[in-house]
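# Notes for the structure review
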Amino acid sequence: MKKACPHLEDTQHHRTAPVHPSSHGCMECLKDGGDWVHLRMCLTCGHVGCCDDSPSRHATQHFHASAHPVIKSFEPGENWAWCFVDEQFLDRIPTFPGESPPVHYSAPMSAP
């Protein structure tokens, strides 16, 4: 089994405080009227962006603009993380209350 990269090691073993999500949906999609599939939260600053299956891929755009290395799923019951720098996945990280939403937040355009 491959050892996790230093960014994920830090995320897995040295987090002492929660990261507060910036919004209940992709910040840019909410502002611009875009649509998303799933949400991701930056573990450095809390930016919530849409995943790479979404049309605008705002979580990845945030990484390129900020160089913040690790995101986690911002979906109910999902506690995995991804390091953009080392392109590594960790299937479970410690998660604080509020870092995973109680429900999937749908984009306003796709809400029933």
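Residues numbered from 1 in each chain as written. Predicted model: local features only at pLDDT ≥ 70, side-chain atom pairs only at ≥ 80, totals over all residues. Heavy atoms only, no water.

- Per an unreviewed UniProt entry, the recorded name for the chain is UBP-type domain-containing protein, and the organism is Corallococcus exiguus.

## Quick look at the overall build of the chain
- When helices and strands are tallied, the chain shows 3 helices and 5 strands.
- The linear arrangement of helices and strands in the chain, starting from the amino end, is α-α-β-β-α-β-β-β.
- For 112 residues, the compact-globule estimate of 2.2 N^0.38 gives 13 Å, and the chain sits close to it at 13 Å.
- Within the chain, buried positions represent 43% of all 112 residues.
- Pairs at least 24 apart in sequence give 55% of the contacts found in the chain among residues at least 6 apart. (Helix = DSSP H or I, 4+ residues; strand = E, 2+ residues; numbered from the N terminus. Rg over C-alpha atoms; globule rule 2.2 N^0.38 Å. Buried < 20%, exposed > 50% of the residue type's maximum accessible area, 1.4 Å probe, protein only. Contact = heavy atoms within 4.5 Å.)

## Describing the UniProt feature "domain: UBP-type" (unreviewed entry) in the chain
- Those places that UniProt annotates as "domain: UBP-type" (unreviewed entry) correspond, in this numbering, to residues 3-109.
- Measuring from the first to the last C-alpha atom of residues 3-109 gives 41 Å, for a span that is 21% helix and 16% strand. (UniProt positions renumbered as here; feature names shortened; annotations may be inferred.)

## Overview of the packing of aromatic side chains
- Evaluated as defined, the whole model comprises 3 aromatic pairs.
- Geometrically, the ring pair formed by phenylalanine 63 and phenylalanine 84 is stacked, given 4.7 Å between the ring centres and 10 degrees between the ring planes. Here the residue phenylalanine 63 occupies a position in helix 3 (residues 58-66), and phenylalanine 84 occupies one in the loop between strand 4 (81-83) and strand 5 (88-90), the gap between them amounting to 21 residues.
- Given a relative accessible area of 14%, phenylalanine 63 falls into the buried group. (Phe/Tyr/Trp six-rings, centres within 6.5 Å; stacked < 30°, edge-to-face > 60°.)

## Some details on the layout of surface pockets
- Considered as a void within the structure, the largest pocket measures approximately 170 Å³ in volume.
- Around the largest pocket, the lining residues are Arg40, Cys50, Cys51, Asp52, Asp53, Ala59, Thr60, Ile71, Trp80, Trp82 and Phe84.
- A class-by-class count of the residues in the lining of the largest pocket yields 7 nonpolar, 1 polar and 3 charged. (1 Å grid on protein atoms, 1.4 Å probe; cavity = no way out; pocket = protein on both sides within 12 Å on 5 of 7 lines; lining within 4 Å. Points joined across faces, edges and corners; volume = space filled by probe spheres on them. Nonpolar A, V, L, I, M, F, W, Y, C, P; charged D, E, K, R; others polar.)

## Remarks on the nonpolar core
- Core analysis: the biggest nonpolar cluster contains 20 residues, and Leu8, Trp36 and Leu39 have the highest contact counts within it.
- If you list the elements that add at least two residues to this core, you get strand 1 (39-42), strand 2 (48-50) and strand 4.
- Once you skip the residues sitting within four places of it in the chain, leucine 39 turns out to touch His24, Gly25, Cys26, Val48, Gly49, Cys50, Ser73, Phe74, Glu75 and Tyr105. (Core = buried A, V, L, I, M, F, W, Y, C linked by side-chain atoms within 4.5 Å.)

## Focus on the pairing of strand 3 (residues 70-73)
- Of the two faces of strand 3, the one carrying Val70 and Lys72 and the one carrying Ile71 and Ser73 are both buried.
- Sheet topology note: the strand 1/strand 3 ladder contains 3 bridges and is antiparallel. Among the inter-strand pairings, arginine 40 is bridged to a residue of strand 3, identified as serine 73.
- As paired elements, strand 3 and strand 4 share 3 bridges and run antiparallel to each other. In the strand pairing of strand 4, valine 70 is matched with cysteine 83. (Pairing = 2+ DSSP bridges.)

## Considerations on the side chain of histidine 58
- Tracing the sequence through the fold places histidine 58 in helix 3.
- Note on histidine 58: relative accessible area 9%, which makes it buried.
- Once you skip the residues sitting within four places of it in the chain, histidine 58 turns out to touch Cys26, Glu28, Cys29, His47, Gly49 and Cys50.

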